[in-house]
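Below are the chains, spelled out letter by letter.
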Amino acid sequence: MIGNFGEGSHFLALVPIGRSLLKQGHNVTFLISEEYSFRAQDAKYSELFKFEIFHNSDPDYSVKELFQMVEELGFSETGSLLQFYKLFSTYTRAIVKTCDSVLEDKAMMKRFETLDAIVADIAWPCSLAIKGYLRSCSRDDPRLILTSPTTVNNEAFDTVGSPYSPAYQPFTMTGYTSSMSFTQRVINTLSLFSMRVFNFFAHLEFQSIFYKHNLSSYMGGSGPMASWRNMTDLFLISCDFAMEFPFPLTPNIIPVGGLTTGPAKDLGKDLNDFMESSGEHGVVVFTLGSYFASYTSVRPDVLKIFLDALARIPQKVIIQLKDMPSLPLPPNMKALPWLPQNDLLGHPKTRLFMYHGGNNGFHEALYHGVPLIVIPFFADQVDNMVRVTSRGIGLGIDRAHLSVDYVYRQMNEVLTNQTYCNRAKQLSAIFKDRPMTPADRAAFWINHVIKHGGDYMRSPVNDLSFVQYHLLDVFSFLVGIVCLTMYLSFKFLKRFICCCQYVLNSLVKIKRD
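Along each chain, residues carry numbers from 1 onward, in the same order as the chain's sequence is written. Local features in this predicted model are restricted to residues of pLDDT 70 or higher, and side-chain atom pairs are both shown and tallied only at a pLDDT of 80 or more, whereas totals for entire chains, interfaces and linings draw on every residue. Think of the side-chain values as coming from all heavy atoms in the structure, minus any hydrogens and water.

## Brief notes about the overall build of the protein
And step 1. Across its full length, the protein carries 22 helices and twelve strands.
And step 2. Viewed in the frame of its principal axes, the protein has a C-alpha envelope of about 120 × 60 × 45 Å.
And step 3. Burial status across the protein gives 53% buried among its 513 residues.
And step 4. Contacts are residue-level and defined by heavy atoms, with any inter-residue pair within 4.5 Å sufficient. For the protein, the proportion of contacts with a sequence separation of at least 24, taken over those separated by at least 6, is 67%.
And step 5. With an accessible surface of roughly 23,900 Å², the protein has 58% of that area assigned to carbon and sulfur atoms. Strands here mean DSSP runs of E at least two residues long; helices mean DSSP runs of H or I at least four residues long; both are numbered from the N terminus. Buried means the residue's accessible area, taken with a 1.4 Å probe over protein chains only, is under 20% of the maximum for its type, while exposed means over 50%, and partly exposed covers the values in between. Where accessible areas are quoted, they stem from the Shrake-Rupley method and a 1.4 Å probe; at the residue level, only the protein chains shown are allowed to cover.

Here is the structure:
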């Protein structure tokens with residue numbers, strides 16, 4: 001299993017799938033960067049999984065520095081689309097370097113020859129190169145299952161040939177719903193087109209890995225997208241239609257939103273006593289996630305706004321802070337460097353979840369029926385905020401207009417208006433009404449394609465050219481038929497009129513004579 005170097009939510013979303021695969025009798029190994037090797041020393045993972053740790057062969061590059069760029073972009077007051085594409089450009093170079101390091105470790109690649117399946121985050125396409133490498137070693141193909149830890153994105157659909165229409169499917173980061181105005185549909189279409197162009201060139205850059213390691217003839221196609229489409233057996237997307245805007249899916253895309261959700265576990269005496277001491281007012285849980293929890297030192301001004309607003313409410317507050325601030329915490333607050341998020345949200349005293357909009361927290365709050373306030377920083381966090389507000393289970397906060405009064409008003413509205421809580425409970429009941437958990441569903445389908453392959457579920461789109469898929473040849477043919485018919489009709493009508501004119505002239509002449 002490959003969870004984006006072993007970092008943050010991308011790794012954590014794969015852990016429940018790994019547990020379910022273990023229950024089915026599989027052995028599970030995680031491939032992670034040495035910069036996140038602490039995962040292999042953590043007992044809650046090391047007792048279950050094996051780990052393969054790759055060494056970064058480029059001394060001028062650090063995976064952690066890349067994710068620090070994400071944090072800087074999130075806290076930037078002048079964040080822009082240009083900065084976002086700059087980050088993606090840096091990320092593209094990073095995935096090439098790290099994948100090169102993996103393929104150069106011949107001993108590790110030899111151990112991979114026993115793999116039955118590769119389950120990998122789409123954000124790091126090294127899984128494609130690993131499968132191609134194993135093919136080059138005359139090894140039977142391992143199944144390739146891709147996952148996406150975010151809300152629905154066009155790359156997932158393009159990879160497996162599932163339809164993606166900008167007419168009603170909002171593009172990532174636009175902040176649109178499925179009901180768009182004409183202007184929004186124009187912007188949505190242009191955003192989709194620009195990202196497809198960017199992804200095309202990003203995949204072309206990644207192809208340098210194929211050439212360097214002599215894998216081009218084993219990649220299942222002549223182009224980057226052809227390789228993805230022909231080598232992918234299954235795609236797991238982290239969404240659920242209890243909250244997602246409806247759209248069609250091909251059989252090889254399986255929704256598994258809520259992988260990290262589950263019944264709440266015991267919080268321990270200290271944390272549980274704090275929760276119970278909140279009385280009838282309850283508790284607000286506040287976190288900005290693994291990327292942005294260091295805002296104590298990066299943006300102390302932002303921290304002060306939140307602390308002052310949270311001090312006004314009668315509820316007690318549990319807040320995640322990686323570093324303790326120099327300013328005193330309000331008396332109603334408890335700060336921790338790490339939060340047992342799912343367990344806190346499942347506690348009966350929790351009244352509100354205020355957070356950055358990550359996908360794992362989004363589904364955990366949905367599972368436990370807790371209303372939300374979303375403060376989006378980056379990427380799909382904006383999309384999750386739109387889903388929260390459009391479904392009526394919470395509100396959003398615009399970082400560009402942060403103030404103590406603004407944050408307090410938003411919190412007070414959600415905490416005092418029972419409508420948000422009632423709607424959250426209603427959607428939670430829909431979300432839970434499933435025959436199996438998201439992790440078990442993912443494991444079932446992974447096991448299914450290991451046994452039977454995924455060829456029978458592949459979309460016919462994979463075999464069509466751009467012209468064929470968009471019916472340009474059919475429309476051209478039909479337009480040609482219409483034009484030919486109109487031309488022949490015109491010529492016939494012209495000839496008919498000439499004949500009529502001739503007959504008429506002849507009759508007139510006869511009458512004169």
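## Structural notes on the packing of aromatic side chains
Any pair of aromatic rings gets described here by the distance separating the centres and the angle formed by the planes.
And step 1. Stacked, tilted and edge-to-face are the three classes assigned to paired rings of Phe, Tyr and Trp, where Trp is represented by its six-membered ring and a pair needs centres within 6.5 Å; plane angles under 30 degrees give stacked, over 60 edge-to-face, the rest tilted. Considering all chains together, one arrives at 14 aromatic pairs under this definition.
And step 2. The interplanar angle of 55° and the centroid separation of 6.1 Å between the aromatic rings of Tyr-36 and Phe-38 together place this pair among those described as tilted.
And step 3. Classification of Tyr-36 by relative accessible area gives buried; the value is 8%.
And step 4. Measuring from ring centre to ring centre gives 6.3 Å for Tyr-367 and Phe-431, while their planes differ by 90°; the resulting arrangement is edge-to-face. Taken as a pair, Tyr-367 in helix 16 (residues 359-368) and Phe-431 in helix 19 (residues 418-432) lie far apart in primary sequence, 64 residues in all.

## Brief notes about the state of the cysteines
And step 1. Any pair of cysteine sulfurs within 2.5 Å is marked as a disulfide. Summed over all chains, the structure comprises one disulfide.
And step 2. Residue Cys-99 pairs covalently with Cys-126 via a disulfide, S to S 2.2 Å. Its torsion about the S-S bond being 80°, the disulfide of Cys-99 and Cys-126 is classed as right-handed. Remark: Cys-126 occurs in helix 7 (residues 126-136) and Cys-99 occurs in helix 5 (residues 81-104); sequence separation between them is 27 residues.
And step 3. By relative accessible area, Cys-126 is classed as buried at 0%.
And step 4. Its sulfur unpaired, Cys-498 is 6.9 Å from the next cysteine sulfur, which belongs to Cys-499.
And step 5. Classification of Cys-498 as partly exposed rests on a relative accessible area of 44%.
And step 6. Summary of cysteine pairing: Cys-500 is not part of a disulfide, and the nearest cysteine sulfur, belonging to Cys-499, is at 6.9 Å.
And step 7. By relative accessible area, which is 37% here, Cys-500 ends up partly exposed.

## Describing helix 20 (residues 438-452)
And step 1. In this scheme, a helix's expected span is set at 1.5 Å multiplied by one less than its residue total. Along its 15 residues, helix 20 runs 21 Å from first to last C-alpha, staying within 8% of the 21 Å computed at 1.5 Å per residue.
And step 2. Considered for burial, the residues of helix 20 that qualify are Pro-438, Ala-439, Ala-442, Ala-443, Ile-446, Asn-447, His-448 and Val-449.
And step 3. Packing partners of the buried residues in helix 20 comprise helix 1 (8-23), strand 3 (117-121), strand 4 (143-148) and strand 5 (234-237).
And step 4. Taken from the residues just after helix 20, Gly-453 is the one with a positive phi, measuring 75°.

## Comments concerning unusual backbone geometry
And step 1. Positive phi, close to 55°, is recorded for Asn-214, a residue that is not glycine.
And step 2. Positive phi, close to 55°, is recorded for Leu-471, a residue that is not glycine.
And step 3. When you line up the elements, Leu-471 lands in the loop between helix 21 (466-469) and helix 22 (472-512).
And step 4. Take Leu-471: its relative accessible area is 41%, and that puts it in the partly exposed class.

## Topic: a nonpolar patch on the surface
And step 1. Nonpolar side chains (Val, Leu, Ile, Met, Phe, Trp, Tyr) within 5 Å and like charges within 9 Å form the patches, drawn only from residues with over 30% relative accessible area and no salt bridge. A carboxyl oxygen of Asp or Glu within 4 Å of a side-chain nitrogen of Lys or Arg is what we treat as a salt bridge. On the surface, Leu-471, Val-474, Phe-475, Phe-477, Leu-478 and Ile-481 cluster together to form a nonpolar patch covering roughly 550 Å² of accessible area.
And step 2. Along the chain, Val-474 falls in helix 22.

## Focus on the nonpolar core
And step 1. What makes a nonpolar core is a set of buried Ala, Val, Leu, Ile, Met, Phe, Trp, Tyr and Cys residues whose side-chain atoms join them at distances within 4.5 Å. Judged by nonpolar contacts, the single largest core of 49 residues is most densely connected at Leu-31, Val-102, Trp-124 and Ile-130.
And step 2. Of all the elements, helix 9 (residues 182-212) adds the most residues to this core, at seven residues.
And step 3. When sequence neighbours within four positions are dropped, the list of residues in contact with Val-102 reads Leu-31, Phe-54, Met-108, Met-109, Trp-124, Cys-126 and Ile-130.
And step 4. Core analysis: the second largest hydrophobic core is formed by 32 residues, Leu-321, Met-354, Ala-379 and Val-404 among them.

## Things to note about the sheet that holds strand 8 (residues 316-320)
And step 1. A pair of strands is treated as paired once DSSP finds two or more bridges between them. One open sheet accounts for six strands, arranged 9-8-7-10-11-12; its pairing is parallel. The sheet is open, and its two edges are formed by strand 9 (333-336) and strand 12 (394-396), each paired on a single side. Strand after strand, the sheet turns through a mean of 15° between neighbouring axes, direction not considered.
And step 2. Interaxial angles span 0 to 180 degrees and are taken between N-to-C directions of axes, which are lines fitted to C-alpha atoms, for helices over the stretch in contact. Helix-sheet contacts for helix 17 (residues 381-390) involve strand 11 (372-374) and strand 12, and the interaxial angle to strand 12 is about 140°.

## Re the pairing of strand 3
And step 1. Counting buried residues in strand 3 gives four out of five residues, a clear majority hidden from the surface.
And step 2. Pairing analysis gives five bridges linking strand 3 to strand 4, with the strands arranged parallel. By the bridge assignment, Ala-117 is partnered in strand 4 with Arg-143.

## Considerations on the pairing of strand 9
And step 1. Covered by surrounding structure in strand 9 are Met-333 and Ala-335 together with Lys-334 and Leu-336, the residues of both alternating faces.
And step 2. As paired elements, strand 8 and strand 9 share four bridges and run parallel to each other. Across the sheet, residue Ile-319 finds its bridge partner in strand 9, namely Ala-335.

## Quick look at the environment of Ser-194
And step 1. Along the chain, Ser-194 falls in helix 9.
And step 2. Assessed through its relative accessible area of 28%, Ser-194 is described here as partly exposed.
And step 3. Along the backbone, Ser-194 and Ile-122 are 72 residues apart, and their C-alpha atoms lie at a distance of 19 Å.

## With respect to the sheet that holds strand 4
And step 1. Sheet architecture is open: four strands sit in the order 3-4-5-6, paired in parallel fashion. Strands at the two margins of the open sheet, each flanked by one partner only, are strand 3 and strand 6 (253-255). Strand-to-strand twist of the sheet, defined as the mean angle between neighbouring strand axes without regard to direction, takes the value 20°.
And step 2. As paired elements, strand 4 and strand 5 share four bridges and run parallel to each other. From the neighbouring strand, Ile-145 faces strand 5, where its bridge partner is Leu-234.

## Brief notes about the packing of helix 14 (residues 300-312) against helix 18 (residues 404-416)
And step 1. Packing of helix 14 against helix 18 leaves a shortest axis separation of 8 Å and a crossing angle of 45°. It follows from the interaxial angle that helix 14 and helix 18 lie oblique. Pair helix 14 / helix 18 crosses with right-handed handedness. Here helix 14 contributes Ile-305, Phe-306, Asp-308, Ala-309, Leu-310 and Arg-312 to the contact with helix 18, which in turn contributes Val-404, Asp-405, Val-407, Tyr-408 and Met-411. Convention used here: angles under 35 degrees read as roughly parallel, angles over 145 as roughly antiparallel, angles from 65 to 115 as roughly perpendicular, and any remaining angle as oblique. Handedness of a crossing follows from how the near helix is turned relative to the far one, being left-handed for an anticlockwise turn of less than a right angle and right-handed for a clockwise one.

Distances and angles like these do not, on their own, reveal function.
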